[in-house]
Amino acid sequence: MLDSIGRAKEWVAYDPNEKTKNYVTALLDTLDTKDSKTELESLFPGDGSRIGFGTAGLRSAMKPGPLGMNDLVIIQTTQGLARYCQKAVVDSEDSGTSGNCKDKDDKKLLAVIGYDHRARPDLDLSSKNFAFLACAVFLEAGFDCVLFDRYVATPIVAYAITRLDASVGIMVTASHNPKDDAGFKVYWKDGCQIRSPVDGYIANSITEEDNLRPWTDYSRFLQVSGNTNVTESIIKDYYQAVASSGLVTGQSLKFRTHSNHVPKICYTAMHGVGYLFAMEIFQTFGFDKFYSVPEQQEPDYSFRTVPFPNPEEDGALSIAMDFANKNGCDVIFANDPDADRLAVAERCPASGQWTVFTGDQIGTMLGAWIWDTIGKKCGKPVAMCASTVSSKMLSVIAQVEGFHFEDTLTGFKWIGSRMVQLRQEGYRSLFGYEEAIGFCCGDVVADKDGLSALGTMSELVFHTYGNGMNLSKHLQSLYDKYGEFCSNNGYFFCYEPATIHNIFNDMRNNGDYMTNVGPYEVESIRDLGFPGYDSTTSDKKPTLPVSKSSPMITIRFKNGTVAQFRASGTEPKFKYYIEMRGKPGVARDVVEKDLKQMSNYILEELLQPTKNGLKRTA
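In this report, we go over the structure that sits alongside the text. (Residues numbered from 1 in each chain as written. Predicted model: local features only at pLDDT ≥ 70, side-chain atom pairs only at ≥ 80, totals over all residues. Heavy atoms only, no water.)

A separate point is helix H7 (residues 198-206). The complete set of buried residues in H7 reads Val198, Asp199, Ile202, Ser205 and Ile206. Projected down its long axis, H7 shows its buried positions confined to an angular sector of 125°, all on one face. (Buried < 20%, exposed > 50% of the residue type's maximum accessible area, 1.4 Å probe, protein only. Helix = DSSP H or I, 4+ residues; strand = E, 2+ residues; numbered from the N terminus. Arc of directions from axis to C-beta.)

By the secondary structure assignment, Pro584 is in the loop between strand E23 (573-581) and helix H19 (588-607). Judged by its relative accessible area of 46%, Pro584 falls in the partly exposed class. Along the chain, Pro584 and Leu478 lie 106 residues apart, while their C-alpha atoms are 9.6 Å from each other. The contacts of Pro584, once residues within four sequence positions are left out, are Asp480, Lys481, Tyr482 and Gly483. (Contact = heavy atoms within 4.5 Å.)

Let us look at the layout of surface pockets. For the second largest pocket, the calculated volume is near 1100 Å³. As for the second largest pocket, its lining consists of 45 residues, of which Lys392, Ser395, Asp407, Arg526 and Arg556 are closest to the centre. Counting only elements with at least two residues in the lining of the second largest pocket, the list comes to helix H14 (393-401), strand E14 (404-408), helix H15 (412-424), strand E19 (520-527), strand E21 (552-557), E23 and H19. Taken together, the residues of the lining of the second largest pocket sort by class into 17 nonpolar, 14 polar and 14 charged. (1 Å grid on protein atoms, 1.4 Å probe; cavity = no way out; pocket = protein on both sides within 12 Å on 5 of 7 lines; lining within 4 Å. Points joined across faces, edges and corners; volume = space filled by probe spheres on them. Nonpolar A, V, L, I, M, F, W, Y, C, P; charged D, E, K, R; others polar.)

Time to look at unusual backbone geometry. Note that the residue after Ser196, namely Pro197, is joined by a cis bond; omega there is 5°. The residue Pro197 is located in the loop between strand E7 (181-188) and H7 in this model. That bond from Phe530 to Pro531 is cis: its omega, 5°, falls within 30 degrees of zero. Its location among the elements puts Pro531 in the loop between E19 and strand E20 (533-534). The residue Asp165 is not glycine, and still its phi comes out positive at about 55°. Tracing the sequence through the fold places Asp165 in the loop between helix H6 (154-163) and strand E6 (168-172). The backbone of Lys540 sits at a positive phi, close to 65°, despite the residue not being glycine. Considering the arrangement of structural elements, one finds Lys540 in the loop between E20 and E21.

This part takes up the sheet that holds strand E10 (residues 331-335). Read across the sheet, five strands follow the order E9-E8-E10-E11-E12 without closing on themselves; strand pairing throughout is mixed. Here the strands that pair on one side only, and so sit at the sheet edges, are strand E9 (291-292) and strand E12 (354-356). In the sheet, strand E8 (residues 265-268) pairs with E9 via two bridges, with the strands oriented parallel. For Tyr267, the partnering residue across the bridge sits in E9 and is Ser292. Where helix H16 (residues 450-466) meets the sheet, it contacts E8, E10 and strand E11 (342-347), and its direction lies at approximately 175° from that of E10. (Pairing = 2+ DSSP bridges. Axes fitted to C-alpha atoms, helices over the stretch in contact; angles between N-to-C directions.)

What follows concerns the packing of aromatic side chains. Throughout the structure, instances matching the rule amount to 23 aromatic pairs. Ring geometry for Tyr238 versus Tyr239: centroids 5.4 Å apart, planes at 65°, classification edge-to-face. By the burial criterion, Tyr238 is buried, and Tyr239 matches it. Pairing Phe282 with Phe290 gives two aromatic rings, centres 5.2 Å apart and planes at 65°, and the pair type is edge-to-face. By relative accessible area, which is 10% here, Phe290 ends up buried. Between Lys573 and the ring centre of Tyr491, over which it is positioned, the NZ or CZ distance is 4.1 Å. The ring of Tyr479 carries Arg588 above its face, with NZ or CZ at 4.9 Å from the centroid. (Phe/Tyr/Trp six-rings, centres within 6.5 Å; stacked < 30°, edge-to-face > 60°. Lys NZ or Arg CZ within 6 Å of the ring centre and 35° of its normal.)

One pass over the full model with this rule turns up one cavity of 30 Å³ or more. What the largest cavity holds in volume is close to 80 Å³. Around the largest cavity, the lining residues are Asp360, Val389, Ser390, Ser391, Lys392, Ser487, Asn489, Val562, Gln564, Tyr577, Ile578 and Glu579. Elements with a contribution of two residues or more to the lining of the largest cavity: strand E17 (485-493), strand E22 (562-567) and E23. In terms of residue count, E23 provides more of the lining of the largest cavity than any other element does, three residues in total. Broken down by class, the residue content of the lining of the largest cavity amounts to four nonpolar, five polar and three charged.

Any functional reading would require information that these geometric values do not contain.
Right, here's the structure in full:
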């Protein structure tokens with residue numbers, strides 16, 4: 001294994017980017033200084049480590065070296081990805097030897113690539129350059145490649161994969177990460193994000209020796225241009241697909257002239273790529289215009305007003321709220337920078353205070369609306385999905401209304417892929433969501449889509465305001481009908497993996513799972529740690545995948561409360577999600593009081609924070 005200096009010298013030999021190459025060369029030339037030596041060892045660890053490739057693809061800061069996002073890492077990753085795609089065709093079709101680049105219909109394999117606006121100019125690193133390099137690798141490997149000719153929203157790439165019958169898709173984006181980060185999200189041919197075990201196979205292919213060395217001099221490809229005609233066609237087709245999906249119900253026409261109050265919508269792109277796409281989707285749904293926050297409207301890689309451009313973060317919508325107040329807006333819609341997620345806030349007309357709805361509240365409203373407007377009359381059995389840590393309210397609505405609902409593992413790779421499978425089983429999969437403001441409305445894409453969600457939510461806004469209500473009152477009407485759902489989600493810091501292991505083992509009790517937690521009777525338990533357990537199935541095995549490395553235990557209580565426990569995969573946190581359902585007619589403050597009392601009891605009983613050294617703060 002090479003040491004830090006050896007790795008750096010090898011990197012310089014392979015790197016096609018003159019600025020990052022010169023940066024590392026300068027460090028090598030000044031190793032007699034402590035700062036240069038320390039930085040070199042940080043960029044090129046002597047243990048041989050490199051950026052991990054997982055189910056989100058790649059995501060890291062833009063910087064030189066094997067741990068960062070840079071030109072050489074993109075080349076290595078795409079070479080490994082291309083070779084795995086070729087091998088997958090061979091293995092599935094027995095159609096030749098490794099290196100085959102045609103499918104069963106004798107067509108070249110096709111890759112689709114989009115990108116956002118992120119950049120680090122001082123090192124000549126950017127999402128656009130990464131996308132062009134990835135395209136060059138696929139062409140070198142013998143693929144056809146569709147490279148978008150402009151910044152695109154992530155849902156457009158997810159749509160293009162199935163629309164063009166592509167083998168693989170890439171969206172170069174770090175979504176809502178801090179400004180210095182870049183990402184490389186990989187989609188499979190079903191239009192869903194890659195998932196296990198494919199991610200592991202790709203990771204292994206990337207680190208094969210032949211794929212770590214550039215196959216050719218890729219720097220000459222950086223002057224190529226994207227596919228303008230295909231870009232225009234795909235974007236147009238996406239909007240047409242949304243328009244014909246059933247999501248557009250004409251609320252703007254129904255209430256524009258017959259309503260006492262036509263709602264004003266404020267929109268922010270959070271310095272991302274969403275503005276132009278949001279304008280077009282708004283028009284697709286028949287709405288005239290929205291009020292766009294000017295300071296955050298255009299793509300800006302510096303994210304100058306929001307250092308952490310996540311609409312969920314406290315204070316992220318402050319500028320939008322100020323702008324909305326000045327313009328008399330009722331509702332704020334915010335896309336994250338790659339426009340695959342949607343945040344919603346509403347101003348109280350009496351107090352002027354803003355309510356920022358949670359992902360669960362938005363998901364519940366969207367799911368109920370889509371059932372009422374499409375599901376009841378679509379002529380097929382309807383299915384909806386949500387991640388297992390999301391609210392159970394939509395599942396209760398499904399039970400009452402008579403449509404099929406399933407929960408999935410966390411992450412849209414699982415939600416989207418299950419929605420696709422349910423369609424293959426004869427259902428019309430109309431909606432899926434995760435509590436982290438990710439929503440898939442209709443059957444246009446198999447991934448979270450902040451654009452179609454924006455249009456669908458606009459329909460609901462116009463409907464509620466046109467009927468003399470607002471979103472808050474509409475949400476309360478759902479609580480009145482199905483019961484209040486109150487949650488207590490949080491985490492403890494835990495720096496010892498063995499402690500988490502012991503907590504889970506205590507809950508398992510050698511397979512003799514608990515029947516009560518103090519005075520609270522248990523209805524069912526599901527354990528997604530290996531080998532798995534589910535008290536509700538005939539064979540006691542869970543229907544969801546189990547994992548040794550990412551266990552989760554779900555406890556359902558007879559009083560309607562659900563408690564879920566899991567360890568974070570990226571931070572030293574032990575997370576809990578506790579939700580109580582009140583019976584219809586029981587006031588929310590009563591349910592919240594009962595939830596607080598029960599949460600305190602079960603957290604103390606099951607986690608024993610003091611004994612196990614769990615901390616509320618870092």
